[in-house]
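Observations on the three-dimensional arrangement
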Amino acid sequence: MFNHLESEVRSYARSFPVVFAKAKGTHLFARDGTAYIDFLMGCSSLNYGHNPPELKSALADYIEGDGITHGLDLYNEAKESFLREFQETILRPRQLDYVVQFPGPTGANAVEAALKLARKITGRPNIIAFTNGFHGGSLGALSCTGNRYHRAAAGQLLGGVTRLPYDGYFGSAVDTADYLDRLLSDPSSGVDAPAAVIVETVQGEGGLNVAGTEWLRKVAAIARKHGALLIVDDVQAGVGRTDAFFSFEAAGLRPDIVTMAKSISGYGLPMALVLIDRQLDRWEPGEHNGTFRGNCHAFVTARAALEHFWRTESFAVSVSEKGNLMKNRLEQIARKYGPGRISAKGRGMMRGLDLKSGEVARQVVRTAFQTGLIVETAGPKDEVVKCLPPLVIGNDQLSHGLDILDHAIESVIGVRNTAAYEVNHDCQGSQ
């Protein structure tokens, strides 16, 4: 049925060719009853796991009470409750004075709105984006996306964006923030003054590249110096995936605009936000709209998620602890093979292993699936195995999933020359 009627555009189904029937917590269940540990989690759309009971109960009660499903941008109780919880639990404790825009329900639509608003405010058409960035598949967001494969599908020129190197693109010896400042300061650089700089603090699809705290702060200061807005794309790295609710908190940033989607609804329901500094809310009524900008079911589960997981610090602390567990275990796996063959990457619970080869990484994903783990690849050549387990996963289940990944890598790469590596490593250390 799928092969006959569904478009060839489908992708994930090709890596995991079974029919899934149920999902609960950390697991997806195939129609034949086979259980799979899910380290894909809707590409970080399900940070609280599948069917979290607190959210399911809130949604079921709302539906049973004939709550409004679709509300455009009408005032309604579901939206009001979400906004109140978001203000009290997220924005006010962080001293963030944002207004909330509900665009269409996808991350790409949030990015489109952010770019449009930045250009409207500044009167400038140019946007600064970074190598290996991924911001969505619609034309404006795709213009800011670096991946050649995705860009080629546009079928037209993608303009209005200047691409510059992300942190570490040329190695640790080159500060690419200084390069950005030099280009914008030089009237003959050929780089037009930008409306905005858009950046991911951790590049998910780009291969788990992590921007350093100081680099992010410098980029924010450079944007301000040159009259550009700072847009942080927190669609994948936000909502706790990198420990704190926002991925930019550790750097102490106050972005002008923040885009969010994926796990903001908490339940996998379509929902996106654009957070706009109150002084920059220059929209006129209806200038950016969408039929499904009022998904009340998503408002209900989003409010329940904030209420249950974020009113205290305990959840963020547990995520940090599990992120450290992942870091230590993935680094341990990488050390078995040496840095030339495998290296650990990422931050928080957004981590993985760079296997240096897309074909090897794809084989590892296939092998892991055959032994009960769903995990995806990322990076410019799909060379990174990206682990996005649910933030609520228990330590035992997390360790079990990483065990499966460890065994899959060993199965694909072959017998490890661990002893030889340890000898070489010891000799290098003694020199």
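First, a word on what this report is: a plain description of the structure on this page. (Residues numbered from 1 in each chain as written. Predicted model: local features only at pLDDT ≥ 70, side-chain atom pairs only at ≥ 80, totals over all residues. Heavy atoms only, no water.)

1. With respect to the packing of aromatic side chains
In the structure shown here, the tally under the stated rule is 19 aromatic pairs. Residues Y48 and F309 carry aromatic rings whose centres are separated by 4.4 Å and whose planes lie at 10° to one another, so their mutual orientation is stacked. In this pair, Y48 is assigned in the loop between α3 (41–44) and α4 (53–64) and F309 in helix α11 (residues 296–309), connecting sequence segments 261 residues apart. Its relative accessible area of 3% is what places Y48 among the buried residues. Judged by relative accessible area, F309 falls into the buried class, the value being 9%. Pairing W310 with F315 gives two aromatic rings, centres 5.3 Å apart and planes at 85°, and the pair type is edge-to-face. For the pair formed by W310 and F315, the shared burial category is buried. An aromatic cluster of at least three residues, connected via ring pairs, comprises Y48, F82, F86, F102, F245, F246, F248, F299, F309, W310 and F315. (Phe/Tyr/Trp six-rings, centres within 6.5 Å; stacked < 30°, edge-to-face > 60°. Helix = DSSP H or I, 4+ residues; strand = E, 2+ residues; numbered from the N terminus. Buried < 20%, exposed > 50% of the residue type's maximum accessible area, 1.4 Å probe, protein only.)

2. Section: the environment of Q95
Here Q95 lies in the loop between α5 (77–91) and β4 (98–101). Given the relative accessible area of 69%, Q95 is considered exposed. Between the C-alpha atoms of Q95 and L275, which are 180 residues apart in sequence, the distance is 13 Å.

3. Some remarks on the pattern of salt bridges
Under the counting rule described, the total for this entry stands at 24 salt bridges. As a salt-bridge pair, R293 and D73 come within 3.4 Å of each other at their nearest N and O atoms. Taken as a pair, R293 in the loop between β12 (273–277) and α11 and D73 in the loop between α4 and α5 lie far apart in primary sequence, 220 residues in all. Taking relative accessible area as the criterion, R293 reaches 16% and is therefore assigned buried. Relative accessible area serves as the criterion here: at 45%, D73 is assigned to the partly exposed category. The partner of R329 in a salt bridge is D406, with the nearest N and O atoms 3.5 Å apart. Placement of R329 in helix α12 (residues 314–335) and of D406 in helix α14 (residues 395–413) is noted, with a sequence separation of 77 residues between them. Assessed through its relative accessible area of 16%, R329 is described here as buried. (Salt bridge = Lys/Arg side-chain N within 4 Å of Asp/Glu carboxyl O.)

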